[in-house]
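Letter by letter, the chains look like this.
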Amino acid sequence: MDGNGRWAQQRSRPRTFGHRAGLRAVRKVVRAAANSGVGYLTLFAFSQENWKRPVTEVNLLIQLFVTVLRREISALHKNKVRIRFIGQHADFPTALLQQMQRAEALTRENTGLQLLVAVGYGGQWDIVQAAQRVVDRGQLLSIEGVQAELVTADAPAPDLLIRTGGESRISNFLLWQLAYTELYFCATLWPDFDEAAFAEALAWFAGRQRRFGCLPESA
Ligand code: IPE
Ligand code: MG
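Quick summary incoming for the structure in this document. (Residues numbered from 1 in each chain as written. Chains lettered and ligands numbered in written order. Predicted model: local features only at pLDDT ≥ 70, side-chain atom pairs only at ≥ 80, totals over all residues. Heavy atoms only, no water.)

**A short note on the side chain of Gln 114**
Note the following rule: Under the scheme used here, helices are H or I runs from DSSP no shorter than 4 residues and strands are E runs no shorter than 2 residues, and both carry numbers assigned from the N terminus. Any residue under 20% of the maximum accessible area for its type is buried, any over 50% is exposed, and the rest in between are partly exposed; the area is computed with a 1.4 Å probe on protein chains only. Between two residues, a contact is recorded if the distance between any of their heavy atoms is within 4.5 Å.
The residue Gln 114 is located in strand E3 (residues 114-121) in this model. Since its relative accessible area comes to 10%, Gln 114 is described here as buried. Contacts of Gln 114, omitting those with residues within four sequence positions, involve Gly 39, Tyr 40, Leu 41, Arg 82 and Arg 84.

**Considering unusual backbone geometry**
In this structure, Ser 12 takes a positive phi of about 55 degrees despite not being glycine. Tracing the chain through its elements places Ser 12 in the loop between helix H1 (4-10) and helix H2 (15-35). For Ser 171, which is not a glycine, the phi torsion comes out positive at approximately 50 degrees. Tracing the backbone shows Ser 171 in the loop between strand E4 (160-163) and strand E5 (182-185).

**Here we look at the site of ligand 1**
We apply this condition: One heavy atom suffices: a residue is near a molecule or strand as soon as one of its heavy atoms comes within 4 Å of it. N or O atoms closer than or at 3.5 Å make up a polar contact, with two conditions inside protein: a donor-capable atom paired with an acceptor-capable one, and, for residues adjacent in sequence, both atoms drawn from side chains. Method for areas: the Shrake-Rupley scheme with a 1.4 Å probe, in which residue coverage is limited to the protein chains shown. Each residue is assigned to one of three groups, with Ala, Val, Leu, Ile, Met, Phe, Trp, Tyr, Cys and Pro labelled nonpolar, Asp, Glu, Lys and Arg labelled charged, and all others, Gly among them, labelled polar.
Every residue close to ligand 1 is listed here: Met 1, Asp 2, Gly 3, Asn 4, Gly 5, Arg 6, Arg 15, His 19, Ala 45, Asn 50, Arg 53 and Leu 61. In the environment of ligand 1, an oxygen atom lies 3.4 Å from a nitrogen or oxygen atom belonging to the backbone of Gly 3. Here an oxygen atom of ligand 1 sits 3.1 Å away from a polar atom, N or O, in the main chain of Asn 4. Alone, ligand 1 offers 380 Å² of accessible surface; in the complex the protein occludes 86% of this. Looking at the shell around ligand 1, the elements that each hand over two or more residues are H1 and H2. Looking at which element gives the most residues to the shell around ligand 1, the answer is H1, with 3 residues. Of the residues that constitute the shell around ligand 1, the class distribution is 3 nonpolar, 5 polar and 4 charged.

**Structural notes on the packing of H2 against helix H3 (residues 55-78)**
The line we're drawing: Here, axes are lines fitted to C-alpha atoms. For helices the fit covers the stretch in contact, and angles between N-to-C directions go from 0 to 180 degrees. Oblique is the label for any angle not covered by the other classes, which are roughly parallel (under 35 degrees), roughly antiparallel (over 145) and roughly perpendicular (65 to 115). Left-handed describes a crossing whose near helix is turned anticlockwise from the far helix through less than a right angle; right-handed describes the clockwise counterpart.
Running from amino to carboxyl end, H2 crosses H3 at an angle of 30 degrees, the nearest separation of the two axes being 11 Å. By the criterion of interaxial angle, the relationship of H2 to H3 is roughly parallel. With respect to the hand of their crossing, H2 and H3 are arranged in right-handed fashion. The segment H2 lies against H3, with Arg 15, Thr 16, His 19, Arg 20, Leu 23, Arg 27 and Val 30 engaging Glu 57, Leu 60, Leu 61, Leu 64, Val 68, Arg 71, Glu 72 and Leu 76. Of the residues in the contact of H2 with H3, the class split is 7 nonpolar, 2 polar and 6 charged.

Honestly, it's all geometry; don't read function into it.
If you want it as structure tokens, here you go:
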């Protein structure tokens, strides 16, 4: 979800104004995903590298997460969304950790949209922590062994990655999991991304031929 800062800048407003607007886009896309029959939606909300931003911006983002979780969790629950947080959360303030745990516990049994929120997440960290668990058990490293320890272990590999904001890079998102994901980059700044933009991305995805290294059916 990239482009909040630039969206605000275009309006001569502080970056935080863009983050608040970005939240409205999150609401729209979660709804659109659930309505389109998407099984899993993973949102990259805060990367490990985002800790390097000015402390005022980091604090605002954390405050925003806490407020939003407190305010929105019952609506998500009512819509049968199961929410889970993936990433390294050791440095998070207690208030946020409590909201995260509460949200996960409340929605644990929900069978609707599986919403994964990546906060304090880094793809390199994920691979290393997974490999470390395998090593700690005294096992040899294997693809299956590492895969089973990734924070996304019980979710399928993503079919489609959408990155807004015009940059064509992964920025340490789900590095391992994206091995065969279709990559969709669009210039729309995240606060402007809505149901129509999401539908456009899905339509693009529907036109992709996926081979996973094999030959096309007709060959
Ligand atoms: C992404 O928007 C939101 C978060 C990282 C939380 P940015 O803050 O990266 O916005 P730009 O890239 O500066 O426009
Ligand atoms: Mg950015």
